[in-house]
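Summary of the model geometry
The residues making up each chain are set out below.
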Amino acid sequence: MGTKALLPRGVVLGVLLAATVPAVAWAEAVAVRDPQFGAIVSAYQRGFPGLTEDMALRAATGQEHRIRLLEELQARDAAGFGGSWYEPLTGAQHINAVGAGAAARAKELGDAGGVAVETHQVAFSLTQLQAVAADINTGGHPVLGRAAIDAAVPDPVANKVTV
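From a predicted model like this one, the values you see are computed outputs, not experimental measurements. (Residues numbered from 1 in each chain as written. Predicted model: local features only at pLDDT ≥ 70, side-chain atom pairs only at ≥ 80, totals over all residues. Heavy atoms only, no water.)

1. Here we look at the side chain of Arg-66
Looking at the element boundaries, Arg-66 is found in helix H6 (residues 63–76). Buried within the structure, Arg-66 lacks any salt-bridge partner; its nearest side chain of opposite charge belongs to Glu-64, at an N-O separation of 8.9 Å. Ignoring any residue separated from it by four or fewer positions in sequence, one finds Arg-66 in contact with Tyr-44, Ala-59, Tyr-86, Gln-93 and Val-115. (Helix = DSSP H or I, 4+ residues; strand = E, 2+ residues; numbered from the N terminus. Buried < 20%, exposed > 50% of the residue type's maximum accessible area, 1.4 Å probe, protein only. Lys, Arg positive; Asp, Glu negative; His and termini not counted. Salt bridge = Lys/Arg side-chain N within 4 Å of Asp/Glu carboxyl O. Contact = heavy atoms within 4.5 Å.)

Here it is as structure tokens:
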């Protein structure tokens, strides 16, 4: 009995393709079959001029890992999580940390999830920034009062609330 009887042609072809097609080509194949994935790749390229298709594909394929990392950080230590932003040109997820322990947790969880993490020490947690923004947006700020209703947003890059 020959190899043909043991392995159907599709299986052999699949094994050969899996062994020879790079991850980016796989991602391109997924994008063709999944219009939503293709739209994500296009959005990355529109939002970040100079981003190559390869970079956009890597950003899109890593998105779920980054989301899980951020959810985990917020769930484990909201007081130490100061917000974050993603930089697709470098592939780094920037995470603001309140204290050395929060920074170490972010690096550890990033490493475990395969996410490149760069930490930055900040004074305020995202929870604190969101509370100040909510106070301003509802007219409760002692100085701004009703003048800035619905005008405040947390800015994780600057670690402040912008009005």
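The rest of the description comes next.
2. Quick notes on the packing of aromatic side chains
By the definition in use, this model includes one aromatic pair. When the ring of Tyr-44 is compared with that of Tyr-86, the centres are 6.3 Å apart and the planes differ by 75°; the resulting orientation is edge-to-face. You can see Tyr-44 sitting in helix H4 (residues 35–47) and its partner Tyr-86 sitting in strand E1 (residues 81–87), a full 42 residues away along the chain. A single burial state applies to Tyr-44 and to Tyr-86, both of which are buried. For Arg-66, the ring lying beneath its charged end belongs to Tyr-86, and the centroid distance is 3.6 Å. (Phe/Tyr/Trp six-rings, centres within 6.5 Å; stacked < 30°, edge-to-face > 60°. Lys NZ or Arg CZ within 6 Å of the ring centre and 35° of its normal.)

3. Structural notes on the sheet that holds E1
On the basis of which strands lie adjacent, the open sheet formed by three strands has the order E1-E2-E3 and mixed pairing. Looking at the sheet topology across the chains shown, the edges are occupied by E1 and strand E3 (117–121). Sheet twist, expressed as the average angle between the axes of neighbouring strands with direction ignored, equals 20°. In terms of strand pairing, E1 meets strand E2 (residues 92–97) through five bridges, oriented antiparallel. Paired with Trp-85 across the strands is His-94, a residue of E2. Sheet contacts for H6: E1, E2 and E3; angle to E2, the most-contacted strand, approximately 10°. (Pairing = 2+ DSSP bridges. Axes fitted to C-alpha atoms, helices over the stretch in contact; angles between N-to-C directions.)

4. So, empty space enclosed by the protein
The full count for this structure, using the stated rule, is one cavity of 30 Å³ or more. By volume, the largest cavity is sized at about 60 Å³. In this structure, the largest cavity is lined by Leu-73, Asp-77, Gly-80, Phe-81, Ile-95, Asn-96, Ala-97, Ala-102, Arg-105 and Ala-106. Every element with two or more residues in the lining of the largest cavity is listed here: E2 and helix H7 (100–113). Of the residues contributing to the lining of the largest cavity, the split by class is six nonpolar, two polar and two charged. (1 Å grid on protein atoms, 1.4 Å probe; cavity = no way out; pocket = protein on both sides within 12 Å on 5 of 7 lines; lining within 4 Å. Points joined across faces, edges and corners; volume = space filled by probe spheres on them. Nonpolar A, V, L, I, M, F, W, Y, C, P; charged D, E, K, R; others polar.)

5. Quick look at helix H5 (residues 53–61)
All of the buried residues in H5 are Ala-56, Leu-57, Ala-59 and Ala-60. One face of H5 carries all of its buried residues, which in axial projection span an arc of 160°. (Arc of directions from axis to C-beta.)

6. Observations regarding the packing of H5 against H6
The interhelical angle for the contact between H5 and H6, taken along N-to-C directions, is 45°, at an axis separation of 4 Å. Taken as axis vectors, H5 and H6 run oblique relative to one another. Every residue of H6 that contacts H5 at Ala-59, Ala-60 and Thr-61 is listed here: Gln-63, His-65 and Arg-66. Within the contact of H5 with H6, the residues separate by chemical class into two nonpolar, three polar and one charged. (Parallel < 35°, antiparallel > 145°, perpendicular 65-115°, else oblique.)

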